[in-house]
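# A structural walkthrough
Residue strings, one per chain:
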Amino acid sequence: MSYFSMSKILLKNLFHGPYTTLYPIKKKESFGRTRGRIEIEIDSCIFCGLCQRRCPTGAIKVDKANTKWSIERFQCIQCNYCSEVCPKKCLTMENQYTSPAHEKVRDERIKCTNIQSPNT
Amino acid sequence: MGKRTVIPFGPQHPVLPEPIHLDLVLVDETVESAIPRIGYIHRGLEKLVEKKDFQQYTYVAERICGICSFMHGMGYCMAVESIFEADIPERAKFLRTIWAELSRLHSHLLWLGLMADAFGFESLFMQSWKLRELILDIFEETTGGRVIFSVCDIGGVRRDIDGATLNKIVNILTDMEKELREISHVFFNDHSVKLRTQGVGVLSKQAAFDLGAVGPMARASGIKLDMRCRGYAAYDRIKFKPIVETEGDSFARISVRIKELFQAISIIKQCVALIPEGDIKMKITGNPSGEHFTRLEQPRGEVVYYAKANGTKYLDRLRVRTPTFANVPALLETLKGCALADVPILILTIDPCISCTER
Ligand code: SF4
Ligand code: SF4
């Protein structure tokens, strides 16, 4: 039975200072594997629709006719399944989270097929 | 005889992390009996198995619980793999064991913190959660998620851990062990901790057996029941013994969980030493057909997964029997005759996870 069993830890903490990160002065670095948000390299996409069919939450919509790929950011659960099944490997999981927002908006990416690039 | 009163306890109560409701029948300050009511966070996840295909359901299974998420995913994958009669690669088995034991560490540390909070020992609560943060960082680094990992998949695991990271994990755990010894010294010896927990909520071995208690609740009452001894994943190659105490009071339950922390660290170290090179996933094709029943040891006790497949990509039925559900009758038994002030502590000693229970 002891009475001041916590004192040693408390003294140590007193000299150590805070264990938490002093946000926003210091920001926490994400790890390389952190699942933040799905990004697409739209030029490689062939609009096969596999990502839409496999996504467990139905966050992705693929519109082949209009060469449009879109994602509902706040519906996505960052499971990475879509990026694993994509045959062209054009979906990647970035390690930065989607910023908080007041309303849900679909993030759309459109592949330009018949507009010439200004350099050519 | 004193005055008889019925007071509602929960579903919202400062000590409860999740909603459970108990009607406490009191005679003066003593609890005569308790009538539980659950159903506040039922999400229909078992039914969802008919809507999501068996691959997608892995991500749903993980979301049954936010604390043993990995082990729910693992239980589901093990059940479906058994239907396919698939023997997953060795490396995947070891990786699963490592993540499972890390989950146990994180869950028990979380519980120790909540327990300390329940008897009003705020600084001990913070210390436990400070250590837990290190484990969450390991999760994020190795899987990408802090709570929901999405690494378990039917046929193996989806991410590998390289040798350098495995060594880093061992180093973190070795350092953590020292700090754990310091806080466990407080839990084991502090006067006020003992005062609040010793002899409180005694569950005899017979009662624990009759009421079907599982996990640390059963082990603290002297029942040697640990599903890891079945030898699933890589547990058949690991040396460990179930931790058993005989007193059956709240102090014994704390003690079982603290000793399991050290045991988990030792299991992870053994896994890192034994882990073979090789594939982490095998290809599984076709749809499952048949049924299987599997059991594994979660931080809260034994979980039962039953899956029935009909040859299509949607399962017919999935049934999960969670440890908290099995421990509720034992909780009601310990509540009988306790003081009103001890009710929060007794509820916490079963390590309640209500979102698992109701799914
Ligand atoms: S799976 Fe890949 S290629 Fe197919 S539609 Fe989705 S992003 Fe495009
Ligand atoms: S990460 Fe998962 S939830 Fe998000 S879009 Fe891809 S498949 Fe859907």
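Check the entry above for the structure.
Residues numbered from 1 in each chain as written. Chains lettered and ligands numbered in written order. Predicted model: local features only at pLDDT ≥ 70, side-chain atom pairs only at ≥ 80, totals over all residues. Heavy atoms only, no water.

Before going further, it helps to examine helix α9 (residues 250–274) of chain B. With 25 residues, α9 of chain B should cover 36 Å at 1.5 Å per step; its first-to-last C-alpha distance of 36 Å lies within 8% of that length. Counting buried residues in α9 of chain B gives 19 out of 25 residues, a clear majority hidden from the surface. (Helix = DSSP H or I, 4+ residues; strand = E, 2+ residues; numbered from the N terminus. Expected span 1.5 Å × (residues − 1). Buried < 20%, exposed > 50% of the residue type's maximum accessible area, 1.4 Å probe, protein only.)

The general pattern is negative phi for most residues beyond glycine and trans for most peptide bonds. Residues and elements named next belong to chain A. For the bond running from tyrosine 23 to proline 24, omega is 5°, close enough to zero to count as cis. Considering the arrangement of structural elements, one finds proline 24 in the loop between α1 (7–16) and β1 (37–40). Its identity is not glycine, yet phenylalanine 47 carries a phi of approximately 55°, on the positive side. Structurally, phenylalanine 47 can be placed in the loop between β1 and α2 (50–54).

Let us look at the packing of helix α3 (residues 90–118) of chain B against helix α4 (residues 122–143) of chain B. Residues and elements named next belong to chain B. For the pair α3 and α4, interaxial distance at closest approach is 8 Å and the crossing angle is 160°. In this view, α3 runs roughly antiparallel relative to α4, as classed from their interaxial angle. For the pair α3 and α4, the sense of crossing is left-handed. Class assignment of the residues belonging to the contact of α3 with α4 gives a composition of 16 nonpolar, six polar and three charged. (Axes fitted to C-alpha atoms, helices over the stretch in contact; angles between N-to-C directions. Parallel < 35°, antiparallel > 145°, perpendicular 65-115°, else oblique. Left-handed = near helix turned anticlockwise from the far one by under 90°. Nonpolar A, V, L, I, M, F, W, Y, C, P; charged D, E, K, R; others polar.)

A word on the packing of α1 of chain A against helix α5 (residues 163–189) of chain B. The geometry of α1 of chain A relative to α5 of chain B is characterised by a closest axis approach of 10 Å and an angle of 140° between their N-to-C directions. One way to sum up the angle between α1 of chain A and α5 of chain B is to call them oblique. Contacts between α1 of chain A and α5 of chain B involve Lys8, Ile9 and Lys12 of chain A from the former and Glu182, Ile183 and Val186 of chain B from the latter. Grouping the constituent residues of the contact of α1 of chain A with α5 of chain B by class yields three nonpolar, no polar and three charged. (Contact = heavy atoms within 4.5 Å.)

Turning to the site of ligand 2, a few remarks are in order. Near ligand 2 you find 13 residues, and of these Cys55, Cys76, Cys79, Asn80 and Cys82 of chain A are the closest. For the shell around ligand 2, the per-class residue count stands at 10 nonpolar, three polar and no charged. (Near = heavy atom within 4 Å.)

Facing 32 residues of chain B, the contacting portion of chain A comprises 26 residues. Applying the counting rule to chain B against chain A returns four salt bridges. Here glutamate 182 of chain B and lysine 8 of chain A are joined by a salt bridge, their closest N and O atoms 3.8 Å apart. Broken down by secondary-structure element, the contributors of at least two residues to the side of chain B that touches chain A are α4, α5 and α6 (191–197) of chain B. Take the side of chain B that touches chain A: its biggest share by element is nine residues, from α4 of chain B. (Salt bridge = Lys/Arg side-chain N within 4 Å of Asp/Glu carboxyl O.)

Our next topic: the site of ligand 1. Taken together, 14 residues lie near ligand 1, and Cys45, Cys48, Gly49, Cys51 and Cys86 of chain A sit nearest. Residue classes in the shell around ligand 1 are distributed as 12 nonpolar, one polar and one charged.

Applying the stated criterion across every chain yields a total of 10 aromatic pairs over all chains. An angle of 50° between the planes, with centres 5.4 Å apart, marks the rings of tyrosine 81 of chain A and tyrosine 59 of chain B as tilted. Within this pair, whereas tyrosine 81 of chain A is found in helix α3 (residues 81–85), its partner tyrosine 59 of chain B is found in helix α1 (residues 57–62), the two belonging to separate chains. Per residue, the accessibility class of tyrosine 81 of chain A equals that of tyrosine 59 of chain B, and both read buried. A centroid spacing of 4.3 Å and a plane angle of 40° characterise the contact between phenylalanine 139 of chain B and phenylalanine 149 of chain B, whose relative ring orientation is tilted. Of this pair, phenylalanine 139 of chain B sits in helix α4 while phenylalanine 149 of chain B sits in the loop between α4 and β4 (152–153); the two residues are 10 residues apart in sequence, bridging distant segments of the chain. When its relative accessible area of 0% is taken as the criterion, phenylalanine 139 of chain B is described as buried. (Phe/Tyr/Trp six-rings, centres within 6.5 Å; stacked < 30°, edge-to-face > 60°.)

The subject of this paragraph is the pattern of salt bridges. Residue and element names in this part refer to chain B. In the structure shown here, the tally under the stated rule is 42 salt bridges over all chains. Residue arginine 104 pairs with glutamate 101 through a salt bridge whose shortest N-O separation is 3.1 Å. You can see arginine 104 and its partner glutamate 101 sitting in helix α3, three residues apart, about one turn around the helix. A single burial state applies to arginine 104 and to glutamate 101, both of which are buried. Salt-bridge contacts for arginine 295 lead to glutamate 302; the nearest nitrogen and oxygen are separated by 3.3 Å. On the basis of relative accessibility, which here comes to 31%, the residue arginine 295 falls in the partly exposed class. In this structure glutamate 302 comes out as buried when scored by relative accessible area, which is 9%.

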